[in-house]
Amino acid sequence: MKANKLTKETILSLAIPKPTFPSFAVGDCISVSQRIKEGDKERFQVFEGDVIAMHNSGGTGTFTVRKIGANGIAVERIFPFATPLIDTITLLRQGDVRRAKLYYLRDRVGRAARIKERVITKEEKLIKAQQKAQ
């Protein structure tokens, strides 16, 4: 079933500008600030969680974020890359994972569902700073 509003062809024909989000990968903990319109009012809602999947398919790429909500109930949300509704994405932590899709986290509860944090050394920080300067 195709989406009614935005398909790959309509996104390419509308020439939606490429978003300037920070680079993140599967396993990273991010905070997504989404614009929500309720009646005539507009507000921002923050969704913070781990990226468990990314689908990079040109203009219709998406990423899935999973967080643990109230009473330990997990909530997953799929965000498209090319949407004007996402205001900002903030990278909170980088995860150290060996898989492209982290669907196995759905079966885990508590401490077993945590993702190991990637430790960045001073040398890696220097290399990144030099690459950004160039």
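Look a little higher up for the structure.
Because the structure is a prediction, the values reported are computed rather than measured.

Rules used throughout
- Residues numbered from 1 in each chain as written.
- Predicted model: local features only at pLDDT ≥ 70, side-chain atom pairs only at ≥ 80, totals over all residues.
- Heavy atoms only, no water.
- Helix = DSSP H or I, 4+ residues; strand = E, 2+ residues; numbered from the N terminus.
- Contact = heavy atoms within 4.5 Å.
- Salt bridge = Lys/Arg side-chain N within 4 Å of Asp/Glu carboxyl O.
- Pairing = 2+ DSSP bridges.
- Axes fitted to C-alpha atoms, helices over the stretch in contact; angles between N-to-C directions.

1. Focus on the environment of Arg-118
The topology assignment puts Arg-118 in the loop between β5 (86-93) and α2 (122-133). Between the C-alpha atom of Arg-118 and that of Gly-27, which follows or precedes it by 91 residues, the distance is 9.5 Å. Other than its neighbours up to four places away in sequence, Arg-118 contacts Gln-94, Gly-95, Asp-96 and Glu-124.

2. Things to note about the pattern of salt bridges
Under the definition given, this model contains seven salt bridges. Arg-106 is the salt-bridge partner of Glu-76, the closest N and O atoms lying 2.9 Å from each other. A residue pair is termed long-range when its members are at least 10 positions apart, and Glu-76 in strand β4 (residues 74-80) and Arg-106 in the loop between β5 and α2 qualify at 30 residues. Across the salt bridge formed by Asp-96 and Lys-116, the nearest N and O atoms sit 3.9 Å from each other.

3. Side note on the sheet that holds β4
Spatial strand order, β4-β3-β2-β1-β5: five strands in an open sheet with antiparallel pairing. One side of each edge strand has no neighbouring strand; the edge strands of this open sheet are β4 and β5. The average angle at which neighbouring strand axes cross in this sheet is 40°, direction not considered. For strand β2 (residues 41-55) and strand β3 (residues 62-68), the ladder comprises five bridges, and the chain directions are antiparallel. Each bridged residue has a counterpart across the sheet, and for Ala-53 the counterpart in β3 is Thr-64.

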